[in-house]
Amino acid sequence: MRILICEDSALLREGLVRVLEDAGHDVVAAVPDAANLDETVDESAPELCILDVRLPPTWTDEGIRAALALRARLPQLAVLVLSQYVEERYAAELVTGSGGALGYLLKDRVADVAEFLETVDRIGAGATVLDPEVVAQLLNRRTRDDRMLRLTDRESAVLALVAEGRSNQSIAQTLHVTEGSVEKHITSIFQKLGLEPDESGNRRVLAALAHLEHGGSGPQAGTNR
């Protein structure tokens, strides 16, 4: 996969380049700020952009604003945002904005190289992957709406794991149920949230976004309802 990195820390930037290239990816550019990001993206044609939330010159929201702009301008471009801490306002804006495949990870996750590379591959394949800490804090700052109150405790647990970017197999293993049971719960969730089938097949992402926007309980592995 062709990858562009925008990270101000030289150590982390070079570390990402090494890890990604060793895994067989092509790092087409690695820049310290977003000053000429649009031009660099147009010239290097990456399939995935990895950006730090906080970049020079102010180290506040340059990275997230660049990510939002890229997703609006190039909806086919996958974007992975890295953050030192959970930036709730920025995360919510990014997740609910327009665009294609998306990832939001805390930088601590990069230390687990195998997990990080798996996440990169999933985002490159079109998935939305959110750090569990990001999901938890977004859930805590949102309130439920009537649609969420329709869900059973088990359906809420399944939806919380969907919002983390988990596969049906992973959800089944976490909740100690069969994949068939997970599929039935997800079908019920779609129906209760009023998400009709469509050609884009994005109901899973829309359900996750509804969960993040309106809150919900976290995974409850012991719930049988």
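Values in this document were obtained by computation on a predicted structure and should not be read as measured data. Residue numbers here run from 1 along each chain, matching the order of that chain's written sequence. Residues qualify for local features only when their pLDDT is at least 70, as the model is predicted, and side-chain atom pairs are given and counted only at 80 or more; totals for whole chains, interfaces and linings, by contrast, use all residues. Side-chain metrics rest on all non-hydrogen atoms present in the structure, leaving aside hydrogens and water.

A.B. asks: Break down the pairing of strand β5 (residues 102-106) for me, with residues and values.
C.D. replies: Each regular strand carries side chains that alternate between the two faces of the sheet. Burial analysis of β5 places five of its five residues in the buried class, which makes it a mostly covered element. Two strands pair if DSSP finds at least two bridges between them. Helix and strand assignments follow DSSP, with helices taken as H or I runs no shorter than four residues and strands as E runs no shorter than two, numbered in order from the N terminus. Where β5 lies against strand β6 (residues 128-130), three bridges are found, and the strand directions are parallel. What sits directly across from Y104, in β6, is L130. As for the winding sense of the linkage, the β-α-β connection from β5 through helix α5 (residues 113-124) to β6 is left-handed. In this scheme, a residue with accessible area under 20% of its type's maximum is buried, one over 50% is exposed, and one in between is partly exposed, where area comes from a 1.4 Å probe on protein chains only. Seen with its strands pointing away from the viewer, a crossover is right-handed when the path leading from the first strand over the helix to the second is clockwise.

A.B. asks: For the environment of I64, give the residues involved together with the corresponding values.
C.D. replies: With respect to the helices, strands and loops of the structure, I64 is situated in helix α3 (residues 62-73). Note on I64: relative accessible area 1%, which makes it buried. Taking C-alpha positions, I64 is 7.5 Å from V81, a pair spaced 17 residues apart along the chain. Leave out the neighbours within four places in its chain, and I64 touches D52, V53, V81, Y90, L94 and Y104. Two residues form a contact once any of their heavy atoms are found within 4.5 Å.

A.B. asks: Break down a negative patch on the surface for me, with residues and values.
C.D. replies: Nonpolar side chains (Val, Leu, Ile, Met, Phe, Trp, Tyr) within 5 Å and like charges within 9 Å form the patches, drawn only from residues with over 30% relative accessible area and no salt bridge. With residues, only the protein chains shown are counted as cover, and all accessible areas are computed by Shrake-Rupley using a 1.4 Å probe. One speaks of a salt bridge when a side-chain nitrogen belonging to Lys or Arg is within 4 Å of a carboxyl oxygen belonging to Asp or Glu. Charge assignment in this entry is limited to Lys and Arg as positive and Asp and Glu as negative, and neither His nor the chain termini are counted. A charge is said to be at NZ when it belongs to Lys, at CZ for Arg, at CG for Asp and at CD for Glu. Negative charge collects at one region of the surface, where D112, E115, E118 and D121 lie side by side. On the secondary structure map, D121 appears in helix α5.

A.B. asks: Provide a residue-level description of the pairing of strand β3 (residues 48-52), including the pertinent values.
C.D. replies: For β3, the buried fraction is high: five of the five residues fall into the buried class. Pairing analysis gives five bridges linking β3 to strand β4 (residues 78-83), with the strands arranged parallel. Of the residues in β4, the one forming a bridge with D52 is L82. You can see the chain leave β3, run along α3 and come back into β4, and the turn it takes is right-handed.

A.B. asks: Kindly report on the confidence of the model for the protein, identifying the contributing residues and their values.
C.D. replies: For residues with low pLDDT, the predicted coordinates do not support detailed interpretation. Residues with a pLDDT of 70 or more make up 87% of the protein, whose mean pLDDT is 85. Below a pLDDT of 50 lies the segment residues 216-225, which in the model reaches 28 contacts outside its immediate sequence neighbourhood of four places, other chains included. pLDDT measures the predictor's confidence residue by residue and takes values from 0 up to 100.

A.B. asks: Which residues make up the environment of N168, and what are the values?
C.D. replies: Mapped onto the secondary structure, N168 falls in helix α9 (residues 168-175). What makes N168 buried here is its relative accessible area of 18%. Between the alpha carbons of N168 and V158 there is a distance of 9.1 Å; along the sequence they are ten residues apart. With sequence-adjacent residues up to four places away left out, N168 is seen in contact with E179, V182, E183, I186 and R204.

A.B. asks: I'd love a proper account of the nonpolar core, names of residues and values included.
C.D. replies: L51 and Y104 are the most contacted members of the largest nonpolar core, which totals 52 residues. Ranked by size, the runner-up nonpolar core spans 20 residues in total, among them I3, L80, L117 and I123. As used here, the term nonpolar core means buried Ala, Val, Leu, Ile, Met, Phe, Trp, Tyr and Cys residues forming a set that is joined through side-chain atoms within 4.5 Å.

A.B. asks: Before we move on, could you go through the side chain of D52 and cite the residues and values that matter?
C.D. replies: Along the polypeptide, D52 turns up in strand β3. Relative accessible area serves as the criterion here: at 5%, D52 is assigned to the buried category. Any pair of nitrogen or oxygen atoms within 3.5 Å is treated as a polar contact; in protein, a donor-acceptor pairing is required on top of that, and neighbouring residues in sequence qualify only through side-chain atoms on both sides. A polar contact of 3.3 Å, which involves the side chain of D52, links it to the backbone nitrogen of R54. Once residues lying within four places of it in the same chain are set aside, the contact partners of D52 are C6, E7, D8, G63, I64, L82, S83 and K107.

A.B. asks: Outline the packing of helix α2 (residues 37-44) against α3, supporting the account with residue identities and numerical values.
C.D. replies: To get an axis, fit a line to the C-alpha atoms, keeping to the stretch in contact for a helix; angles then go from 0 to 180 degrees between the N-to-C directions. Running from N to C, α2 and α3 point in directions that differ by 45°, and their axes come no closer than 11 Å. Compared by their axis directions, α2 and α3 come out oblique. As for how α2 packs across α3, the hand of that crossing is right-handed. Taken together, the residues of α3 that come into contact with α2 (itself represented by L37, D38, V41 and D42) are A66, L70 and R73. When the residues that make up the contact of α2 with α3 are grouped by side-chain class, the tally is four nonpolar, no polar and three charged. Should an angle lie under 35 degrees it is considered roughly parallel, over 145 roughly antiparallel, and from 65 to 115 roughly perpendicular; all remaining angles are considered oblique. The hand of a helix crossing depends on one turn: near helix anticlockwise from the far one by less than a right angle means left-handed, and clockwise means right-handed. Gly counts as polar in this scheme, as do all residues outside two lists: the nonpolar Ala, Val, Leu, Ile, Met, Phe, Trp, Tyr, Cys and Pro, and the charged Asp, Glu, Lys and Arg.

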